[in-house]
Amino acid sequence: MAFPGRKSRGVGPSKDPAEGKRPIPGVRNVVAVASGKGGVGKSTISANLAVALAHTGARVGLLDADIYGPSVPTLFHLKGHRLAGEDGMIVPAEAQRLKIVSIGFLLEDESPVIWRGPMLMKALEQFLHGTKWGELDYLVIDLPPGTGDVQISLVQMTPVAGAVVVTTPQDLALIDVKKAVRMFEKVGVPILGVVENMSYFLCPHCAGRSEIFGHGGARKACAEMGLRFLGEVPLEMALRESSDAGELLVATAPGAPAAQAIAKAAAGSAAALAVLDSLQ
């Protein structure tokens, strides 16, 4: 019997990491966006990252798998949208050049999700393999915070090309992001890089910079763990306003500092995937 954390001394063949995983037809790269803890702006980064990739000409889908706190319907002005079906398959919503599916499309406004594990896994399986995604270069998946059932089930259900981890400069957030990185390493998912969100505050009046949550923590953690640092996204009023309005800053104000930082992170993620693809 093998125990977690111990190497087996058996002489049999090692288990193929891809065994039992079902690729999503037509989808070239599944990209997970994760965080070790909540409150770091992961969903805002996920949505803007997906739109930034789409603006390069790529075909992109966005799956909101943040079961207990789906933000994608609000971010894309899709509150009230209900999923349609065709030939027994889910038909994604379309907005900002993306194909979008969210658990929020199944819920009434302000209704909590009170589901046990098996129901969550069934929903995730349906969203992954029961949706008409079509041909996509990237399927970005906004995961719940932490390292729980949804994250583990995702990597068991389908091959994940890589993960982007979102954090803030705070020491507490960085402790949790290291846990998220280790989780993906243990399940064989490459880390494409780390984004430091809310890296500093940009005053809308004087354009002054204030490092409210500290600074440089994510870059230092990347150096320690040998990971790609995808950049610093400032805490900018325009990013909050566009998110609340159901718009995406990278589309409406691509010249804004936060939008430029996210576009750079998207380009870095795509470059990391290209390197991995060439190695394989």
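Residues numbered from 1 in each chain as written. Predicted model: local features only at pLDDT ≥ 70, side-chain atom pairs only at ≥ 80, totals over all residues. Heavy atoms only, no water.

Here we look at the overall build of the protein chain
Part 1 of the reasoning: When helices and strands are counted, the protein chain shows nine helices and 11 strands.
Part 2 of the reasoning: Expressed as a percentage of its 280 residues, the buried residues of the protein chain come to 50%.
Part 3 of the reasoning: Here the analysis covers contacts within the protein chain between residues at least 6 apart in sequence; of these, 77% occur between residues at least 24 apart.
Part 4 of the reasoning: Here the protein chain has roughly 13900 Å² of accessible surface; of this, 53% comes from carbon and sulfur atoms. (Helix = DSSP H or I, 4+ residues; strand = E, 2+ residues; numbered from the N terminus. Buried < 20%, exposed > 50% of the residue type's maximum accessible area, 1.4 Å probe, protein only. Contact = heavy atoms within 4.5 Å. Areas by Shrake-Rupley, 256 points an atom, 1.4 Å probe, with all protein chains shown as cover.)

Things to note about the pattern of salt bridges
Part 1 of the reasoning: Counting across every chain of the model gives 12 salt bridges.
Part 2 of the reasoning: Here Glu 125 makes a salt bridge to Arg 22, at a shortest N to O gap of 2.7 Å. Of this pair, Glu 125 sits in helix α3 (residues 117–129) while Arg 22 sits in the segment before β1 (27–34), and the two are 103 residues apart along the sequence.
Part 3 of the reasoning: Overall, Glu 125 belongs to the partly exposed group, its relative accessible area being 25%.
Part 4 of the reasoning: The class for Arg 22 is partly exposed, based on a relative accessible area of 44%.
Part 5 of the reasoning: The closest approach of N and O atoms between Asp 87 and Lys 132, which form a salt bridge, is 3.2 Å. You can see Asp 87 sitting in the loop between β3 (84–86) and β4 (89–91) and its partner Lys 132 sitting in the loop between α3 and β7 (136–142), a full 45 residues away along the chain. (Salt bridge = Lys/Arg side-chain N within 4 Å of Asp/Glu carboxyl O.)

Let's talk about the packing of aromatic side chains
Aromatic rings considered in pairs are described by the distance between their centres and by the relative angle of their planes.
Part 1 of the reasoning: By the definition in use, this model includes zero aromatic pairs.
Part 2 of the reasoning: Between the NZ or CZ atom of Arg 209 and the centre of the ring of Tyr 200, over which it lies, the distance is 3.7 Å. (Phe/Tyr/Trp six-rings, centres within 6.5 Å; stacked < 30°, edge-to-face > 60°. Lys NZ or Arg CZ within 6 Å of the ring centre and 35° of its normal.)

Re the side chain of Asn 48
Part 1 of the reasoning: Topologically, Asn 48 is positioned in helix α1 (residues 42–54).
Part 2 of the reasoning: A polar contact of 2.9 Å, which involves the side chain of Asn 48, links it to the backbone oxygen of Thr 44.
Part 3 of the reasoning: Within the structure, the side chain of Asn 48 is placed 3.2 Å from the backbone nitrogen of Leu 249, a separation counted as a polar contact. (Polar contact = N/O pair within 3.5 Å; in protein donor to acceptor, adjacent residues only side chain to side chain.)

Considering the nonpolar core
Part 1 of the reasoning: Val 60, Leu 62, Phe 76, Leu 98, Ile 100, Val 164 and Val 233 are the most contacted members of the largest nonpolar core, which totals 44 residues.
Part 2 of the reasoning: When residues no more than four places from it in sequence are discounted, the contact partners of Val 164 are Val 31, Ala 32, Val 33, Ala 34, Leu 49, Leu 192, Gly 193, Val 195, Leu 230 and Ser 269.
Part 3 of the reasoning: Counting residues in each nonpolar core, the second largest holds 43 residues, with Ile 24, Val 189, Cys 222 and Phe 229 among its members. (Core = buried A, V, L, I, M, F, W, Y, C linked by side-chain atoms within 4.5 Å.)

A few points about the environment of Ala 258
Part 1 of the reasoning: Residue placement: Ala 258 occurs in helix α9 (residues 257–279).
Part 2 of the reasoning: Once residues lying within four places of it in the same chain are set aside, the contact partners of Ala 258 are Val 233, Pro 234, Glu 236, Leu 239 and Leu 249.

Observations concerning unusual backbone geometry
Part 1 of the reasoning: Positive phi, normally seen in glycine, also occurs at Gln 96, with a value near 50°.
Part 2 of the reasoning: Along the chain, Gln 96 falls in the loop between β5 (93–95) and β6 (98–102).
Part 3 of the reasoning: Taking the relative accessible area as the measure of exposure, Gln 96 reaches 30% and is therefore partly exposed.
Part 4 of the reasoning: With a phi angle near 65°, Ala 207 is a residue other than glycine that sits in the positive phi range.
Part 5 of the reasoning: Counting through the fold element by element, Ala 207 comes out in the loop between β9 (191–202) and β10 (209–210).
Part 6 of the reasoning: On the accessibility criterion, Ala 207 (58% relative accessible area) is exposed.

Brief notes about the packing of helix α5 (residues 171–186) against helix α6 (residues 217–225)
Part 1 of the reasoning: The N-to-C vectors of α5 and α6 enclose an angle of 35°; their axes lie 11 Å apart at closest approach. Remark: the crossing between α5 and α6 carries right-handed chirality. For the pair α5 and α6, contact is made by Leu 174, Lys 178, Val 181 and Arg 182 and by Gly 217, Ala 218, Ala 221, Glu 224 and Met 225, respectively.
Part 2 of the reasoning: Its residues assigned to classes, the contact of α5 with α6 shows five nonpolar, one polar and three charged. (Axes fitted to C-alpha atoms, helices over the stretch in contact; angles between N-to-C directions. Left-handed = near helix turned anticlockwise from the far one by under 90°. Nonpolar A, V, L, I, M, F, W, Y, C, P; charged D, E, K, R; others polar.)

Observations concerning the confidence of the model for the protein chain
Part 1 of the reasoning: Residues at a pLDDT of 70 or more form 89% of the protein chain, whose mean pLDDT is 86.
Part 2 of the reasoning: Here residues 1–17 is modelled with pLDDT under 50, and outside its nearest four sequence neighbours on either side it reaches zero contacts, counting other chains as well. (pLDDT = per-residue confidence, 0-100.)

Some words on the pairing of β1
Part 1 of the reasoning: Across the eight residues that make up β1, a large majority, seven, are buried.
Part 2 of the reasoning: Taken together, the six bridges between β1 and β7 define a ladder with parallel strand orientation. Opposite Val 30, over in β7, you have Leu 139 as the bridge partner.
Part 3 of the reasoning: Of the strand pairs in this sheet, β1 and strand β8 (residues 162–167) are connected by four bridges, and their pairing is parallel. Counted as the bridge partner of Val 33 is Val 164 from β8. (Pairing = 2+ DSSP bridges.)

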